[in-house]
Amino acid sequence: MPINIHGKEYWTVAERLELARKDIDSITTELLSETPLVVIKATLTIKGKEYTGISGANPDKAIEKMSPYEVAETSAVGRALG
């Protein structure tokens, strides 16, 4: 169920994955950069088509500073699913 953020409906990455789960052929992630930011590229293959998303972790935000790889990877997958 989407949540409302600034007046727009937003589906979490977990919800997007659940909706697409049966159609996903593969998910791969690649570390593009570690310095000064952790930047991750996600590539999803869904029904034979590739979708990509790129995201970086902002070290000025507490959660992103604590878990930059996880945050960037989750966001990159979410963007590819978007």
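See above for the structure.
About the cut-offs
Residues numbered from 1 in each chain as written. Predicted model: local features only at pLDDT ≥ 70, side-chain atom pairs only at ≥ 80, totals over all residues. Heavy atoms only, no water. Helix = DSSP H or I, 4+ residues; strand = E, 2+ residues; numbered from the N terminus. Buried < 20%, exposed > 50% of the residue type's maximum accessible area, 1.4 Å probe, protein only. Contact = heavy atoms within 4.5 Å. Areas by Shrake-Rupley, 256 points an atom, 1.4 Å probe, with all protein chains shown as cover. Salt bridge = Lys/Arg side-chain N within 4 Å of Asp/Glu carboxyl O.

Novice: Please clarify how the overall build of the protein should be interpreted in this entry.
Specialist: The helix and strand tally for the protein stands at 3 helices and 5 strands. Principal-axis analysis of the C-alpha atoms gives the protein an extent of 35 × 30 × 15 Å. Counting over 82 residues, the protein shows a buried share of 27%. Residue pairs in contact within the protein that sit at least 24 positions apart in sequence constitute 33% of those at least 6 positions apart. Carbon and sulfur atoms make up 54% of the accessible area of the protein, which totals about 5,900 Å².

Novice: Honestly, the pattern of salt bridges in this entry has me stumped. Any pointers?
Specialist: Across all of its chains, the model carries 3 salt bridges by this definition. Between Asp-23 and Lys-22 there is a salt bridge, and its shortest N-O distance comes to 4.0 Å. Overall, Asp-23 belongs to the partly exposed group, its relative accessible area being 22%. You can call Lys-22 exposed: its relative accessible area is 70%.

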